[in-house]
Amino acid sequence: MTAGSSAVRRTRWRDRIVAALVLVAVWMLLWGVFSWATLAGGIVVAAVVLKVFPLPAVTFAGRPHPLGLLRFAVRFAGDLVRASVQLAVLAFRLGHQPRSAIIRVPLRVPSDLVLTLTGEAVSLVPGSLIVDTDQASTTLYIHVIGVADRDAVERFRREVYATEARIVRAIGSEAEIGMLGRPVPVRRREDS
Amino acid sequence: MTVQTLADLVAGACLVSGAVLSLAAGVGLLRFPDLLSRMHAATKPQVLGLLLILAGAAVRLHNIIDVTTLVLVGVFQLVTAPVAAHMVGRAVYRAGQARGDLLIVDELREDRTDDGSPAR
Amino acid sequence: MTVVGIIVSALLFAAVSLVLIRIVRGPTTLDRIVAVDVLLAIVVCAIAAEAAFTRDATSLPVLVVLSILGFIGSVTVARFSPRSRR
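Residues numbered from 1 in each chain as written. Chains lettered and ligands numbered in written order. Predicted model: local features only at pLDDT ≥ 70, side-chain atom pairs only at ≥ 80, totals over all residues. Heavy atoms only, no water.

Student: Please give an account of the environment of A:Gln135 that cites residues and values.
Tutor: Residue and element names in this part refer to chain A. Examined against the element boundaries, Gln135 turns out to sit in the loop between strand S2 (128–134) and strand S3 (139–145). Remark: the alpha-carbon pair of Gln135 and Pro110, spanning 25 residues in sequence, is separated by 8.9 Å. Excluding its chain neighbours within four sequence positions, the residues that come into contact with Gln135 are Asp112 and Leu115. (Helix = DSSP H or I, 4+ residues; strand = E, 2+ residues; numbered from the N terminus. Contact = heavy atoms within 4.5 Å.)

Student: Can you tell me about the sheet that holds strand S1 (residues 103–106) of chain B, naming the residues and giving the values?
Tutor: Two strands in a sheet stick together by hydrogen bonds in their backbones, pointing the same way (parallel) or opposite ways (antiparallel). In space, the four strands of this open sheet follow the order S2(A)-S3(A)-S1(A)-S1(B), with mixed pairing throughout. Lying at the two open borders of the sheet, with one neighbouring strand each, are S2 of chain A together with S1 of chain B. Direction aside, the axes of adjacent strands within the sheet are offset by 25 degrees on average. Relative to S3(A), strand S1 (residues 100–106) of chain A is paired through seven bridges, and the arrangement is antiparallel. (Pairing = 2+ DSSP bridges. Axes fitted to C-alpha atoms, helices over the stretch in contact; angles between N-to-C directions.)

Student: Can you break down the interface of chain B and chain A residue by residue, with the values?
Tutor: Contacts between the two partners involve 51 residues from chain B and, on the opposite side, 52 residues from chain A. When the two sides are added together, the surface that chain B and chain A hide from each other amounts to roughly 4,400 Å², 64% of it contributed by carbon and sulfur. Contact with chain A buries surface across chain B, with B:His40, B:Ile104 and B:Glu107 losing the most and accounting together for 16% of the total. At the boundary of chain B with chain A, the tally comes to zero salt bridges. Applying the counting rule to chain B against chain A returns three residue pairs in polar contact (both at pLDDT 80 or more). (Buried area = accessible area lost by both parts, 1.4 Å probe. Salt bridge = Lys/Arg side-chain N within 4 Å of Asp/Glu carboxyl O. Polar contact = N/O pair within 3.5 Å; in protein donor to acceptor, adjacent residues only side chain to side chain.)

Student: Break down the pairing of S3(A) for me, with residues and values.
Tutor: All names here are of chain A. Across the seven residues that make up S3, a large majority, seven, are buried. The alternating pattern of S3 places Thr139, Tyr141, His143 and Ile145 and Leu140, Ile142 and Val144 on opposite faces, both of which are buried. In this structure, S2 lies alongside S3, joined through six bridges in antiparallel fashion. By the bridge assignment for S3, Asp132 is matched with Tyr141. Between S2 and S3, which follow one another and run antiparallel, lie four residues, and Thr138 among them has a positive phi close to 40 degrees. (Buried < 20%, exposed > 50% of the residue type's maximum accessible area, 1.4 Å probe, protein only.)

Student: Residues and numbers for the pattern of salt bridges, please.
Tutor: Under the counting rule described, the total for this entry stands at eight salt bridges over all chains. Here A:Glu154 and A:Arg157 are joined by a salt bridge, their closest N and O atoms 3.1 Å apart. Remark: A:Arg157 and A:Glu154 occur in helix H5 (residues 150–171); sequence separation between them is three residues, near one turn of the helix. Given the relative accessible area of 32%, A:Glu154 is considered partly exposed. Close ionic contact of B:Arg38 with C:Asp31 constitutes a salt bridge, the shortest N to O distance being 2.1 Å. Here the residue B:Arg38 occupies a position in helix H2 (residues 35–61), and C:Asp31 occupies one in helix H2 (residues 29–54), the pair thus bridging two chains. Overall, the relative accessible area of 8% leaves B:Arg38 in the buried class. On the basis of relative accessibility, which here comes to 3%, the residue C:Asp31 falls in the buried class. One connected set of salt bridges, linked through shared partners, spans A:Arg75, A:Asp79, A:Arg82 and A:Arg166.

Student: So, the side chain of C:Asp37: which residues are in play, and what are the values?
Tutor: Note on placement: C:Asp37 falls in helix H2. Each residue touching C:Asp37, except ones within four places of it in the same chain, is listed here: B:Gln46, C:Gly70 and C:Ser74.

Student: Tell me what's going on with the packing of helix H1 (residues 2–25) of chain C against H2(C), and back it up with residues and numbers.
Tutor: Residue and element names in this part refer to chain C. Remark: H1 packs on H2, axes separated minimally by 9 Å, with the N-to-C direction vectors making an angle of 165 degrees. By the angle between their directions, the pair H1 and H2 is classed as roughly antiparallel. The interaxial crossing formed by H1 with H2 has left-handed handedness. In this structure, H1 contributes Val4, Gly5, Val8, Leu12, Ala15, Val16, Val19, Arg22, Ile23, Val24 and Arg25 to the contact, and H2 contributes Arg32, Ala35, Val36, Val38, Leu39, Ile42, Cys45, Ala46, Ala49 and Phe53. For the contact of H1 with H2, a count of residues per class yields 17 nonpolar, one polar and three charged. (Parallel < 35°, antiparallel > 145°, perpendicular 65-115°, else oblique. Left-handed = near helix turned anticlockwise from the far one by under 90°. Nonpolar A, V, L, I, M, F, W, Y, C, P; charged D, E, K, R; others polar.)

Okay, structure coming up:
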């Protein structure tokens, strides 16, 4: 308990400092000019906000990997453009009813942060939408449009796993990166 | 060709493609058969279309105060759009508005309990 | 730039008209919420485009407010929309 609680306190402080830095950055962007007055004002506002609206503890075990972050950003931008164009074509095509599917994707890394970020990345790309999540088993339920058959569904499922892998390689810990080698989790229905 | 014309060309291209994406979203919103499909159309102007137009505006304004505001708008949009889409999408599914005949597979239905939440 | 302005305005106008048709048609509240969300996104696009053409940044703070307002609006309505399964 004693050794664990000091580590917990340290990560809580780290979370708070990261949150405060983000808030100060937003404050500075709002003002648009850098001056010591805005910096001081930002720190005061961030302190008040974090005191009044305390954040729930986020488990962030890893560390940022610059190369992984860059790779994720480039692929994400590419996916965004490609999917937007595809969906625009789909919208303009006459006399065609697009088929869709709702698929279950149980993620390999049991982390709330990875679940959130993967969900955000998947739903920012047009053509896929998070319908539901299950936090306990870190499962995303994704509605995907423009899939013609089961093969396309499986292709999309692999893409989501690839997104998860890129996110974990960008921000995950060594243990989490190791988990990516595990086989894709089997369906929960069999063991329930 | 001066830097000015080049910048205007880039800005113009960004603005026009952003507007085209918005129009595509309008068309999709009207034509797609069910609500979940329409929500896909809705994410286009909210994400890439908006980013393109903000980029175009940033190139035209190229003034640090204005550009920081534009960056802030873009970041807010990127952070909030998925959350809003998730909330609405979940409400749509739980209200039973997803059209089963358009779905190839519905793996959520298999896992669902009666109150609409995924089964544990 | 004037030509670009006319093209962009025409495209955005057409987009807004289509979205308005969807808002009128519905048929459910959630349809309208999604459509209103798109309408707001297009309005944000239009204001940003206007700022780009006139090189005038007066309206930019409005964009910050609008981008947050849309989020709060749709989350609130989605949260309290009726469920058929209860």
